[in-house]
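Residue-level structure breakdown
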Amino acid sequence: MNPETIGSILESVIGIVVLIGALISVISVIGLIRLPDVYLRSHAATKSATLGVLFILNGAFLYFWIFEDHFSIKLLLGIVFVFLTGPVGGHLNGRAAYRSGVSLWKGSVRDDLKEDLKRERQERQEGRGL
Amino acid sequence: MITYIRRAWAVMKLFVLFNRELFLSSYAVLVQIIRPRLAIRPGIVEMKTRLRSNTEITLLSCLICLTPGTLTLDVAHDGETLYIHAMDIEDAEELAESIRNTFERAIMEVTRA
């Protein structure tokens, strides 16, 4: 195979990777609108978007590496920081929502946290009373 | 030296395992989203973990958060119970067991090699 064919194959592969990333982001936006409560929406917003952004950044990284001979540390750092910040943001959103009393969707099947949180709050109040 | 190599190998294994889980469960969540009728049974499941140190528990809850379909809502004060909001629960015990068998075991291999 001559270098030009390899180049065009690589180019289309990178194009497909970026396209998949964009599609995943679109689907997660649909999820953000469709899903019924804040916890489920945060599933769509934080997680699928993470994968979509990951695909797009990877595609851009490969493109610059192969075609421009530029090993982009910035893009790698972008991937690392998406991975670091995504779960923390998702966790804190969910925790804040639960502790400020946002109720679960009516189709939810179980809630193990409710009783434990009530007990914890009661214990704290009794501790303050003493 | 040997333990160092073993630990590096365990980190690699954790990374591969995490990537596999990320793709599998992303696919599951995306399919749930674009399905015409919502057929999900969300809920909060508690899970006892065998991990003890702060680093291990932080790592575990971050990995759970990163995997689509599961979200760590809270960590109890006893430091061994995680509350996980899951998007589709078929069997709560099974869910907790699968996390225990994948992430927890891989993390233990890394930190206790």
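Residues numbered from 1 in each chain as written. Chains lettered and ligands numbered in written order. Predicted model: local features only at pLDDT ≥ 70, side-chain atom pairs only at ≥ 80, totals over all residues.

This part is about the overall build of chain B. A count of helices and strands for chain B gives three helices and three strands. The N-to-C order of helical and strand elements in chain B reads α-β-α-β-β-α. Across its three principal axes, chain B shows a C-alpha extent of roughly 55 × 30 × 20 Å. Relative to all contacts within chain B whose residues are 6 or more apart in sequence, the contacts with residues 24 or more apart total 70%. (Helix = DSSP H or I, 4+ residues; strand = E, 2+ residues; numbered from the N terminus. Contact = placed C-beta atoms within 7 Å.)

Let us look at the nonpolar core. Val45, Leu60, Ile64, Leu73, Ile84, Phe103 and Ile107 of chain B are the most contacted members of the largest nonpolar core, which has 43 residues in total. Per-element accounting of this core gives the leading share, 11 residues, to helix 2 (residues 38-67) of chain A. Discounting chain neighbours no more than four positions away, the residues touching isoleucine 84 of chain B are Ile44, Val45, Met47, Ile64, Thr70, Leu71, Thr72 and Leu73 of chain B. (Core = buried A, V, L, I, M, F, W, Y, C linked by C-beta atoms within 7 Å. Buried ≥ 20, exposed ≤ 12 C-beta atoms within 10 Å, placed from the backbone.)

Residue and element names in this part refer to chain A. One can describe the packing of helix 1 (residues 3-34) onto helix 2 by two numbers: an axis separation of 8 Å at closest approach and a directional angle of 165°. By the angle between their axes, helix 1 is roughly antiparallel relative to helix 2. Crossing of helix 1 over helix 2 shows left-handed handedness. Here the contact of helix 1 with helix 2 is built from residues that sort into 19 nonpolar, eight polar and one charged. (Axes fitted to C-alpha atoms, helices over the stretch in contact; angles between N-to-C directions. Parallel < 35°, antiparallel > 145°, perpendicular 65-115°, else oblique. Left-handed = near helix turned anticlockwise from the far one by under 90°. Nonpolar A, V, L, I, M, F, W, Y, C, P; charged D, E, K, R; others polar.)

All names here are of chain A. Under the present numbering, the feature "transmembrane region" (unreviewed entry) in UniProt falls on residues 12-33, 45-65 and 71-90. Secondary structure within residues 12-33 divides into 100% helix and 0% strand; the distance between the first and last C-alpha atoms comes to 32 Å. As annotated, residues 45-65 comprises 100% helix and 0% strand, and the C-alpha atoms at either end are separated by 30 Å. (UniProt positions renumbered as here; feature names shortened; annotations may be inferred.)

To continue, consider unusual backbone geometry. Positioned with a positive phi, aspartate 69 of chain A is a non-glycine residue whose angle comes to about 55°. The residue aspartate 69 of chain A is located in the loop between helix 2 and helix 3 (73-99) in this model.

What follows deals with the interface of chain A and chain B. The interface is formed by 31 residues belonging to chain A together with 28 residues belonging to chain B. Residue assignment for the side of chain A that touches chain B shows that the elements contributing at least two residues are helix 1, helix 2, helix 3, strand 1 (110-111) and helix 4 (113-129) of chain A. No other element matches the nine residues that helix 2 of chain A contributes to the side of chain A that touches chain B. Its residues assigned to classes, the side of chain A that touches chain B shows 13 nonpolar, 11 polar and seven charged. In this structure, strand 1 of chain A lies alongside strand 1 (residues 43-48) of chain B, joined through two bridges in parallel fashion. The residue of strand 1 of chain B that forms the bridge with aspartate 111 of chain A is isoleucine 44 of chain B. (Pairing = 2+ DSSP bridges.)

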